[in-house]
Amino acid sequence: MRFDIITIFPGFFAGIFEHGVIKRAIQGGLLEVAVHDLREFTHDRHRTVDDRPFGGGEGMVLKPEPLAEAVEHLELAPRQERRVKGQTVILLSAQGKRYSQAMARELAQNSRVVLLCGRYEGVDERVSELIADQELSIGDYVLSGGELAAAVVLDTTMRLLPGVLGNQASSEYESFGLADGLLESKTGEGVSSIHGAGGLLDYPHYTRPAEFRGLTVPEVLSSGNHEQIRRWRRQQAIRKTLRNRPDLLQTAALSTEDRSYLRTLELHAEGAQSKDSV
Ligand code: SAM
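Owing to the predicted nature of the structure, the values given are computational and were not obtained by experimental measurement.

Engineer: Requested: an account of the overall build of the protein, with residues and values cited.
Structural biologist: Within the protein, the regular secondary structure consists of eight helices and 11 strands. Relative to the compact-globule value of 19 Å for 278 residues, the protein shows a C-alpha radius of gyration of 24 Å, a clear excess of over 25%. Per-residue burial for the protein yields a buried fraction of 26% across its 278 residues. When contacts within the protein are restricted to residue pairs at least 6 apart in sequence, those whose partners lie at least 24 apart make up 70%.

Listed below in structure tokens is the structure:
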């Protein structure tokens with residue numbers, strides 16, 4: 001898979017590709033990244049990439065021509081054919097669709113992804129209308145430039161490519177991971193347990209020492225009983241999701257066992273609330 005990043009600050013990316021999983025993916029030939037200086041696609045003495053906004057107002061706006069030329073230089077398929085060819089041009093923007101793990105999974109199906117980094121007050125709207133295929137935001141906050149957002153999109157996507165993570169299952173067993181298999185109950189009561197995170201947050205992890213500042217590792221994890229460990233981890237994932245991201249429970253893949261555990265937690269919380277109100 002190849003990423004092309006177009007930016008006015010190519011130096012921003014120095015170092016980013018020289019560590020950990022990204023470095024290994026590049027060295028292993030699974031990932032290729034090229035960073036392009038937007039100013040290379042200007043034709044005036046000052047290498048101008050921005051201009052004042054029509055209508056007045058604060059700041060400067062990135063001009064459309066250098067961005068258009070930079071994308072054309074990459075010799076992608078025509079815009080209407082890019083999807084079928086596994087190519088996409090993304091404009092990083094606070095006004096874009098909110099990026100998620102599901103989008104990372106979709107992006108990982110492509111062979112080429114181009115990331116356009118905005119700066120200043122943003123990018124001339126015609127770039128979104130004529131050049132980019134999608135506009136993505138990495139969250140509901142405003143960054144000073146698209147470079148950090150591009151790094152986030154690149155990192156989250158490339159680790160899903162087959163062969164990049166040492167253990168392929170790790171991307172299914174982490175937060176927001178897919179339910180990669182449903183184990184049907186023999187009694188016909190529906191799905192009895194879920195393989196993979198199934199849209200929940202990850203369960204808590206522990207390593208040595210077994211005791212740290214008075215807190216010991218939950219006993220079940222040293223029991224060697226795989227079924228008990230599986231159940232405990234699943235319950236902890238449900239607990240954490242309920243506490244920190246209850247919205248995820250609306251769409252998570254939950255088994256009958258999960259649902260009854262969730263119900264116990266909710267009843268417990270309702271009980272505690274009614275005690276408080278007495
Ligand atoms: N005036 C813009 C607005 O209010 O939406 C903010 C422009 S921001 C200072 C400059 C650039 O940072 C944007 O063009 C975009 O490329 C990038 N950026 C800012 N926030 C972002 C976000 N949440 N996700 C992705 N890119 C973002």
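Engineer: If you had to explain the sheet that holds strand β2 (residues 32-37) to someone new, which residues and values would you point to?
Structural biologist: Hydrogen bonding along the main chain pairs the strands of a sheet, whether they run parallel or antiparallel. Taken in spatial order, the five strands of this open sheet run β2-β1-β6-β5-β7, and their pairing is parallel. With one partner strand each, in any of the chains shown, β2 and β7 (134-137) form the two edges of the open sheet. Going from strand to strand, the sheet's axes swing by 30 degrees on average, the running direction of each strand aside. Sheet analysis places strand β5 (residues 87-98) next to β7, joined by five bridges and oriented parallel. Directly across from R98, in β7, lies its bridge partner S137.

Engineer: Tell me about the nonpolar core, and name the residues and values.
Structural biologist: Among the nonpolar cores identified, the biggest contains 40 residues, and L67, I90, L92, L115, L116 and A150 are the most heavily contacted of them. When contributions to this core are tallied by element, the ones reaching two or more residues are β1 (2-7), β4 (61-62), α2 (64-73), β5, α4 (101-107), β6 (112-116) and α6 (147-158). With six residues, the single largest contributor to this core is α6. Dropping the residues within four chain positions of it, L67 is found in contact with I6, L38, L62, L116, V123, V127 and I131.

Engineer: Tell me about the site of the ligand, and name the residues and values.
Structural biologist: In the vicinity of the ligand lie 20 residues, with A94, G118, L143, G146 and A149 positioned nearest. Sorting elements by how many residues they give to the shell around the ligand places β5 first, with four residues. Considered class by class, the residues forming the shell around the ligand number nine nonpolar, nine polar and two charged.

Engineer: Which residues make up the environment of D124, and what values go with them?
Structural biologist: Residue placement: D124 occurs in the loop between β6 and α5 (125-130). Here the alpha-carbon distance between D124 and D4, two residues 120 residues apart in the chain, equals 20 Å. Leaving out residues up to four positions away in the same chain, D124 has contacts with V61, L62, K63 and P64.

Engineer: Summarise the pairing of β5; cite the residues concerned and give the values.
Structural biologist: Bridge analysis of β5 against β6 gives five bridges, and the strand direction is parallel. Bridge pairing in β6 places Q87 opposite R112. Once you follow β5 into α4 and on to β6, the crossover reads as right-handed.

Engineer: Any details on unusual backbone geometry? Residues and values, ideally.
Structural biologist: Of note, the bond from R208 into P209 is cis; its omega dihedral lies within 30 degrees of zero at 5 degrees. Summarising the element assignment, P209 is placed in the loop between β9 (191-195) and β10 (211-212). Residue R47 is not a glycine yet carries a positive backbone phi of 50 degrees. Structurally, R47 is set in the loop between β2 and β3 (50-51).

Engineer: Pulling in residues and values, what's your account of the domain arrangement of the protein?
Structural biologist: How big an interface is tends to be stated in terms of the accessible area lost upon association of its parts. For the protein, the assigned domains read domain 1 (2-158) and domain 2 (172-277). For domain 1 and domain 2, the distance between their C-alpha centres works out to 37 Å.

Engineer: Now, about the pairing of β2: what can you tell me, with residues and values included?
Structural biologist: Side-chain positions along a regular strand alternate between the two faces of the sheet. Here β1 runs beside β2; their pairing, made up of six bridges, is parallel. Bridging from a neighbouring strand, R2 pairs with E32 of β2.

Engineer: How would you summarise the environment of I138 if you had to cite specific residues and measurements?
Structural biologist: Along the chain, I138 turns up in the loop between β7 and α6. Residue class for I138 comes out buried when judged on the 21 C-beta atoms lying within 10 Å of it. For the pair I138 and V152, spaced 14 residues apart in sequence, the C-alpha separation works out to 7.7 Å. Ignoring sequence-local partners within four residues, the contact set of I138 consists of Y99, A149 and V152.

Engineer: Talk me through the environment of S111; I want residue IDs and the actual numbers.
Structural biologist: For S111, the position within the fold is in the loop between α4 and β6. Distance from S111 to A132, taken between C-alpha atoms, is 16 Å for residues 21 residues apart in sequence. Look past the residues within four positions of S111 in its chain and what remains in contact with it is M1, R2, G86 and Q87.

Engineer: Which residues make up the packing of helix α7 (residues 226-244) against helix α8 (residues 256-277), and what are the values?
Structural biologist: Packed helix pairs are characterised by how far apart their axes lie and by the angle those axes make with each other. Where α7 contacts α8, the two axes come as close as 10 Å, and the packing angle between them is 50 degrees. By the angle between their axes, α7 is oblique relative to α8. The two elements α7 and α8 meet at a crossing, and its hand is right-handed. On α8, the residues touching R234, Q235, I238, R239 and L242 of α7 are D258, Y261, L262 and L265. Per-class residue counts for the contact of α7 with α8 are five nonpolar, one polar and three charged.

Conventions we followed
- Residue indices follow the written sequence of each chain, beginning from 1 at its first position.
- For this predicted model, a pLDDT threshold of at least 70 governs which residues receive local features, and a threshold of 80 or more governs which side-chain atom pairs are given and counted, while totals over whole chains, interfaces and linings are taken from all residues.
- By the criteria applied, helices consist of DSSP H or I runs no shorter than four residues and strands consist of E runs no shorter than two, each listed in order from the N terminus.
- Based on C-alpha atoms, the radius of gyration is set beside the globule rule, defined as 2.2 Å times the residue count to the power 0.38.
- With C-beta atoms placed from the backbone, a residue is labelled by how many other C-beta atoms lie within 10 Å of its own: buried for 20 or more, exposed for 12 or fewer, partly exposed between the two.
- Here, residues touch in the contact sense if the C-beta positions derived from the backbone fall within 7 Å of one another.
- Note: two strands are recorded as paired if DSSP finds a minimum of 2 bridges between them.
- Angles run from 0 to 180 degrees between N-to-C directions of axes, and those axes are lines fitted to C-alpha atoms, restricted for helices to the stretch in contact.
- The nonpolar core is taken to be a set of buried Ala, Val, Leu, Ile, Met, Phe, Trp, Tyr and Cys residues joined by way of C-beta atoms within 7 Å.
- We count a residue as near a molecule or strand when its backbone-placed C-beta atom lies within 6 Å of that partner.
- Three categories are distinguished: nonpolar for Ala, Val, Leu, Ile, Met, Phe, Trp, Tyr, Cys and Pro, charged for Asp, Glu, Lys and Arg, and polar for the others, with Gly belonging to the last.
- When the strands point away from the viewer and the connection leading from the first strand across the helix to the second strand turns clockwise, the crossover is called right-handed.
- How far each domain reaches was decided by an automatic or database domain assignment.
- Here roughly perpendicular refers to angles of 65 to 115 degrees, roughly parallel to angles under 35, roughly antiparallel to angles over 145, and oblique to all remaining angles.
- Left-handed describes a crossing whose near helix is turned anticlockwise from the far helix by less than a right angle; the clockwise case is right-handed.

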